[in-house]
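Observations on the three-dimensional arrangement
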Amino acid sequence: MKKIIAMTLAVVICVATFLTGCGSEENNKTNTNTEKKVVRTCIASEPDNLDPWKSAAGDTQAIMMNVFEGLVSFNEKGEYIPCIAENWNVSDDGLTYTFNLRDDVYFHNGNKLTMDDVIYSYDTYTGKESGKPLLSKFEVIDSYESVDDLTFKITLKEKSSPFLGFNTEPILPKGYTEQETTPIGTGPFKFAEYVPGQKVVFEKNENYYNDDKRAKIDGVEIFIMTDYSAIVSALKSGQLDLAMIKADNIETLKDKFDIISSPQNMVQILGLNNKVEPFDDERVRKAINYAIDKDEIIKGAFDGYGTKIYSNFSPVLSGYYNDKLDNIYTYDIEKAKELLKAAGYENGFDMKLTVPGNYVQHVDTAQIVAQQLKKIGINVEIETIEWAAWLDRVYKKADYQSTIIAFGGKLNVNDILIRYTTGFKKNFINFSDKEYDRYVMEAARETDVAKQQELYKEAQKVMTEKAASVYICDPDLTIASVKNLKGYTFYPLIYHDFSKLYFE
């Protein structure tokens, strides 16, 4: 999963206007009448890489989708819509996709997007030149070609139900080698500046081709912020217009701010490395599942704003979510102790819980988990590390014992479940089960939606019954917004769509 969305649980969307004096509420109110309308926003972690082909972090993807675009895009309902390709068609056998490109798309450096750029991008995705696909999901492609300057045809090796969604991956300019420092795409915003540890700056793309998605503001400053108290203070002082907040901040802000909330299609888990002792024993993993009180975590870490989950899926994806798993692990300390005893750990054991320190709610969750597991004799050492270190050690190298993390939702259901198949490059919990693999692979080839949904539900059941990890909750995203900033839109994945923001 190219962008795991390694998640933005603590993602703080702190949108604010450029302030003339930047210190009073009055200055904030008058900002919308200035010549430039610039919005300030925040994310909770440092961009891991500005090059979309090298980035894996959800926070990074959430903002850079304003800069980069693929042949296909999506709307707030999760439906696929035209983008660089103005339309497409699929052959009756489901093997051939033909995309008809727009003729008016330009990169941010002024160069027109051509078929050469599309071929170059798909050469990279499929590994045609290197022999190593950038994204394993593109291995389903048998061949692709330019029929003419504006017609791109892809033929698959076999039917793939999620394939259309794969084409949201960005098209990059052929021969351009500075994406890591000065990224160039075709989106409604252009990259302007990155100051490590401080901010990323975007400017409006004045030459954007799509009138319906043309930016209504002149630019965005995206600050890297993690301190909730500082963000709330900035809201109150008028320096910020919109921010993610905790539920206990609602009362102090509701008089002057609109409060909006939505499920995030996010899955927070207590990740257990299935190849590391003692979590290589299924009985131990089940014991931990019985010992975790999810209600206490939701109340303590998310102020009660969250939905319990029982698989690696959010109920937001209602058609695909297996809602019959809630009774597999009820909170049962005695059952947990019995399983530990059977596994040879009657007196418990010591474990290390590695958590990215920039995500406050994950750290809070880790502390609650440590208290809960102590009741069955498990002594938890909490290790907080920087986000970049978490990505390297935990996600990429699986050099850990347990972790707390959350994954942002995906439009392609297969992208969520394939990450736990045997041998998948970023199967960081090292789960391996032949039955699970079979369900996921069959579902990926199934074009009948009802049959596909049943296969994915069976895959979730296997992961839950095998206690691959502990699935905790889908936390709500709660936002406080000043009255004159409009247009913030929720999507079924983490995406801060700046093109919809506007001042009244």
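Anyway, here's the lowdown on the structure attached to this text.

Each value, and the rule that gives it
Residues numbered from 1 in each chain as written. Predicted model: local features only at pLDDT ≥ 70, side-chain atom pairs only at ≥ 80, totals over all residues. Heavy atoms only, no water. Helix = DSSP H or I, 4+ residues; strand = E, 2+ residues; numbered from the N terminus. Rg over C-alpha atoms; globule rule 2.2 N^0.38 Å. Buried < 20%, exposed > 50% of the residue type's maximum accessible area, 1.4 Å probe, protein only. Contact = heavy atoms within 4.5 Å. Areas by Shrake-Rupley, 256 points an atom, 1.4 Å probe, with all protein chains shown as cover. Lys, Arg positive; Asp, Glu negative; His and termini not counted. Charge placed at Lys NZ, Arg CZ, Asp CG, Glu CD. Arc of directions from axis to C-beta. Phe/Tyr/Trp six-rings, centres within 6.5 Å; stacked < 30°, edge-to-face > 60°. Lys NZ or Arg CZ within 6 Å of the ring centre and 35° of its normal. Pairing = 2+ DSSP bridges. Axes fitted to C-alpha atoms, helices over the stretch in contact; angles between N-to-C directions. Core = buried A, V, L, I, M, F, W, Y, C linked by side-chain atoms within 4.5 Å. Expected span 1.5 Å × (residues − 1). Polar contact = N/O pair within 3.5 Å; in protein donor to acceptor, adjacent residues only side chain to side chain.

Observations concerning the overall build of the protein chain
Per the secondary structure count, the protein chain includes 14 helices and 21 strands. Whereas a compact globule of 504 residues would reach a radius of gyration of roughly 23 Å, the protein chain reaches 23 Å, a difference of no more than 12%. Oriented by its inertia axes, the alpha-carbon framework of the protein chain measures out at about 65 × 60 × 35 Å. For the protein chain, with 504 residues in total, the buried portion stands at 58%. Counting only contacts in the protein chain whose residues sit at least 6 apart along the sequence, the fraction spanning at least 24 positions is 71%. Put simply, the protein chain shows about 20,300 Å² of open surface, and 44% of that area lies on carbon and sulfur atoms. Taken together, the 58 basic and 76 acidic charged side chains of the protein chain have centroids lying 2 Å from each other.

Thoughts on helix α5 (residues 228-237)
For α5, the full list of buried residues reads Y228, I231, V232, A234 and L235. One side of α5 carries all its buried residues, which in axial view fall inside an arc of 160°. On its buried face, α5 sits against β12 (242-244), α6 (250-253), β13 (257-263), α10 (360-374) and β19 (470-482). Directly after α5, the chain includes G238, whose backbone phi takes a positive value near 90°.

A look at the packing of aromatic side chains
Under the criterion given, the structure shown has 32 aromatic pairs. Geometrically, the ring pair formed by Y97 and F163 is edge-to-face, given 4.9 Å between the ring centres and 65° between the ring planes. In this pair, Y97 sits in strand β6 (residues 96-101) while F163 sits in helix α4 (residues 163-166), placing the two residues 66 residues apart along the sequence. The buried category is assigned to F163, whose relative accessible area is 0%. Members of the aromatic cluster, connected to one another through ring pairs, are W53, Y97, Y120, Y122, Y125, F138, Y144, F152, F163 and F166. Over the ring of F407 we find R419; its NZ or CZ atom is 4.3 Å from the centre of that ring.

Structural notes on the sheet that holds β6
Taken in spatial order, the four strands make up an open sheet running β5-β6-β8-β7, and their pairing is antiparallel. Looking at which strands have only one partner, the edges of the open sheet turn out to be β5 (85-90) and β7 (141-148). Neighbour-to-neighbour, the strand axes of the sheet open up by a mean angle of 20°, direction not taken into account. With five bridges joining them, β5 and β6 adopt antiparallel strand pairing. When the bridges of β6 are listed, V90 appears paired with Y97.

Focus on the nonpolar core
One finds L71, Y122 and F202 to be the most contacted residues of the largest nonpolar core, which totals 71 residues. Counting residues per element, this core draws most heavily on α5, which supplies five residues. When residues no more than four places from it in sequence are discounted, the contact partners of F202 are I63, M64, N66, V67, F189, K190, F191, A192, G219, V220, I222 and F498. Core analysis: the second largest hydrophobic core is formed by 42 residues, Y310, F313, Y395 and Y439 among them.

Observations regarding the pairing of β19
Here β19 lies mainly inside the structure; 12 of its 13 residues are buried. Both β12 and β19 contribute to a ladder of three bridges, which runs antiparallel. In the strand pairing of β19, A243 is matched with A480. As paired elements, β13 and β19 share seven bridges and run antiparallel to each other. Residue pairing in the sheet places F257 in a bridge with V482 of β19. As judged from the three bridges shared by strand β14 (residues 266-272) and β19, these two strands associate in the antiparallel manner. Residue pairing across strands places Q268 opposite C473, the latter belonging to β19. Note: strand β15 (residues 306-308) against β19, three bridges, orientation antiparallel. Its bridge partner lying in β19, K308 is registered against C473.

Examining unusual backbone geometry
Across the junction of E277 and P278, the peptide omega takes the value 0°, indicating a cis bond. Position of P278 relative to the elements: it lies in the loop between β14 and α7 (282-291). For N265, which is not a glycine, the phi torsion comes out positive at approximately 55°. Since its relative accessible area comes to 2%, N265 is described here as buried. Residues other than glycine seldom take positive phi values, yet D303 does so here, at roughly 55°. Of the residues examined, D303 reaches a relative accessible area of 25% and is grouped as partly exposed.

Concerning helix α13 (residues 434-445)
With 12 residues, α13 extends 17 Å between its outermost C-alpha atoms, agreeing within 8% with the 16 Å of an ideal straight helix rising 1.5 Å per residue. Residues Y436, D437, Y439, V440, A443 and A444 constitute the buried set of α13. Projected down its long axis, α13 carries its buried residues within an arc of 165°, all on one side. In this structure, the buried side of α13 is in contact with α12 (413-417) and α14 (449-465). Where α13 begins, the capping side chain belongs to D433, and its oxygen is found 3.0 Å from the backbone nitrogen of E435.

By themselves, these are just geometric observations and shouldn't be taken as functional.
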